[in-house]
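A structural walkthrough
Chain by chain, the residues run as shown.
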Amino acid sequence: VQAGADATRGSDIRTVTKAEAPDAEACRTACRMEPACQVWLFMGSWAEDHPDWGPCFLKDARASVLEDEGHAEDAAGSCEASDRAPGVLPLDTSTLGRVLVTGPGADSLTYQSGGWSIRWQGACADSDFAGGESIKQGLRRLLPSSVHLDSTRGCVIDAPSHSTARCDPAEEEETLDAARAADAVVVVIGEENYTEKPGDIVDLGLIDGQVSLVQRIAAAAPNVPIVLVLVEGRPRLLRGLTRTPQVKAVVHAYLPGPHGGGAVAEVLLGITNPSGRLPLTYPSEPNAIHQHYHPVSAECAGASVFLSATVDECPVEFPFGRGLSYTSFNYSALRTTTAGHVAHPGVVGVSLNVTNTGSRAGRHSVLLFVSQAFRVGRTPERQRLVGFGQVHLAPGETGALELSVRTQQLAFTNEFLETVVESGDYR
C-alpha cells in the first residue's frame, strides 16, 4: 500500500481537513494493533464500523508515503531498465538542453495506479487522489533549471471498453515540433486503469495509436533518442517498437502508484540505479508465449528443431529475469559447498563472488537456475529457478553470496501423480 497502488472497494471517502485528522503517529500505532486496518486501508465497511477512524486512515495513508522515503527508493530500484544503447540512460543533464515527455501515461496518477485505487476500476480522475506525482511532474521537479522540459499529451486513451480502447492523437503538431527541438524524448505508454473481468482484452497488443505515436516522433526527429517508459499491469506487446532505431532504452515501471512518478524520474535521471528483474517472460508475439521453464521438447513457431537445455529461449521481447543496471557486475569463484552425492532430503549449497566492475554503486540480484538433461517419465524443463540472492556493492567492491537449494525443489510430478526427486546429474 505504501509504495504502490492503494486498495479500495469503491466506497466514497469524505474529504477532511488537516485540523480534523487525528495525530498521524497515534493513528499508525492504532493501525498496527488492528490487522484489518493494515489490510483494508480505505475500506468503506471498516469505516462504517469505526466512523472515528475515517480521517485517521486518510492522514495515515498520506503520511506513510510522504514521510517514509525508503518506500519510494524501493519502488525506484524495482524498475527494470532494458537499455539497447549503453550511455543513453541515465539521461545526462549536463549535456541536455531540452527534453520532451509525452504519451498518455506521462501525466496521469490514474494510469500510474491502475485498478483498485480509490475505486474498483481505479480513480476517475487525478483529483481523486489526496496527493501524488506524475512522471512529468517528477521530471520537472528533478531536472536542473538549465534543462527545459516540454510536455504534451501525444495521444489520449478513449476506452468505451478495455478491449476496444484506442489512443487518439492529441496536440500532434506540438508534439512533433517539440520532438524536433529536443535532445531526448521520453514517451510514456501502456494502458488505462482496469481490474478483474471488465479489464479482459482479446489482444495483448498496445492500445491502438501508441505505436504510431512513437513512429511519428521517430520519423519527425530521426536523430533524437527515444526512451520508452511502460506503465502497465500486464505485458502489452510492443509491436516492433524496440527495433525502431531511435528507441534506445525501455524502462518497465509496472503500476508505480500515485507517488511513483518521482521514482521513475529518478531512474531516468540516474539518481537511483535500477536493479529490478522481470518476474515474467515478456512476449513479442501474441501466439508465441513460451515461459522460461518450458519443456526442452518445445518448438518455437516456425522452428525445424526442438529446443534443448542448452538452446536459447524462443524469441521474446525480454526474457524472464531481464533487468539492466547503470553499473556492471562480474561473477567468479562459483562452486558448490556440498561435495559428491547429496541424499534426499538434503541441501546443496552454492556460493559465488560478485564484483561491481562499474563506476557506480548498485544492487544486483543473482538468479540460480537448475536444468536436467534427462528425466524418466516426463520431459524436463529447460530451466527451473531454485534460488536467488541480492547484494549491494560499491564500485570495485566484491561480495560473497551463498545460496541453498533443497533437494525437494528438484521434485516433479510423474505420470502416477507422485512427487518424485529423481537421481541423476543436475546442472
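Residues numbered from 1 in each chain as written. Predicted model: local features only at pLDDT ≥ 70, side-chain atom pairs only at ≥ 80, totals over all residues. Heavy atoms only, no water.

The helix and strand tally for the chain stands at 10 helices and 15 strands. Here the chain holds 427 residues, and the buried ones make up 48% of them. When contacts within the chain are restricted to residue pairs at least 6 apart in sequence, those whose partners lie at least 24 apart make up 73%. Only carbon and sulfur atoms are counted for the fraction: they give 52% of the accessible area of the chain, which is about 20600 Å². (Helix = DSSP H or I, 4+ residues; strand = E, 2+ residues; numbered from the N terminus. Buried < 20%, exposed > 50% of the residue type's maximum accessible area, 1.4 Å probe, protein only. Contact = heavy atoms within 4.5 Å. Areas by Shrake-Rupley, 256 points an atom, 1.4 Å probe, with all protein chains shown as cover.)

Turning our attention to the nonpolar core. If you look at the biggest cluster of nonpolar residues, it comprises 33 residues, and the most contacted ones within it are Val-185, Val-187, Ile-217, Ile-226, Leu-228 and Leu-241. Looking at this core, the elements with two or more residues in it are strand 4 (154-158), helix 8 (172-181), strand 6 (184-190), helix 9 (210-220), strand 7 (226-231) and strand 8 (247-254). Ranked by residue count, the leading element in this core is helix 9, at six residues. Those residues in contact with Val-185 that lie beyond four places of it in its chain are Leu-100, Thr-102, Ala-179, Ile-217, Val-224, Pro-225, Ile-226 and Val-227. Val-99, Ile-135, Ala-265 and Tyr-326 belong to the second-largest nonpolar core, a separate cluster that totals 27 residues. (Core = buried A, V, L, I, M, F, W, Y, C linked by side-chain atoms within 4.5 Å.)

Now for the pattern of salt bridges. In this structure the tally under the stated criterion is 15 salt bridges. As a salt-bridge pair, Glu-191 and Arg-236 come within 2.6 Å of each other at their nearest N and O atoms. Note that Glu-191 is positioned in the loop between strand 6 and helix 9 and Arg-236 in the loop between strand 7 and strand 8, a separation of 45 residues in sequence. This pair shows no difference in class: Glu-191 is buried, exactly as Arg-236 is. Glu-381 is the salt-bridge partner of Arg-384, the closest N and O atoms lying 2.9 Å from each other. You'll find Arg-384 and Glu-381 in the same group, each marked buried. One salt-bridge network, in which partners are shared between bridges, spans Asp-158, Arg-166 and Asp-168. (Salt bridge = Lys/Arg side-chain N within 4 Å of Asp/Glu carboxyl O.)

For Glu-232, the position within the fold is in the loop between strand 7 and strand 8. Buried and without a salt bridge, Glu-232 has Arg-236 as its closest oppositely charged side chain, separated by 6.0 Å. Separated by 3.4 Å, the side chain of Glu-232 and the backbone nitrogen of Arg-236 make a polar contact. Within the structure, the side chain of Glu-232 is placed 2.8 Å from the side chain of Tyr-282, a separation counted as a polar contact. If we skip the residues at most four places from it in the chain, Glu-232 touches Gly-190, Glu-191, His-252, Tyr-254, Leu-255 and Tyr-282. (Lys, Arg positive; Asp, Glu negative; His and termini not counted. Polar contact = N/O pair within 3.5 Å; in protein donor to acceptor, adjacent residues only side chain to side chain.)

Let us now look at the environment of Ser-371. Within the element layout of this structure, Ser-371 appears in the loop between strand 11 (362-370) and strand 12 (384-393). The exposure class assigned to Ser-371 is buried, which follows from its relative accessible area of 13%. Linking Ser-371 and Val-296, residues 75 residues apart in sequence, is a C-alpha distance of 9.9 Å.

For the peptide bond that leads from Leu-89 to Pro-90, omega is 0°, which places it in the cis range. Topologically, Pro-90 is positioned in the loop between strand 1 (80-83) and strand 2 (98-102). Going from His-344 to Pro-345, the amide bond is cis rather than trans, its omega being 0°. As for its placement among the helices and strands, Pro-345 is situated in the loop between strand 9 (329-336) and strand 10 (347-356). Non-glycine residue Glu-171 carries a positive phi angle of around 50°. Considering the arrangement of structural elements, one finds Glu-171 in the loop between strand 5 (166-170) and helix 8. A relative accessible area of 30% places Glu-171 in the partly exposed class.

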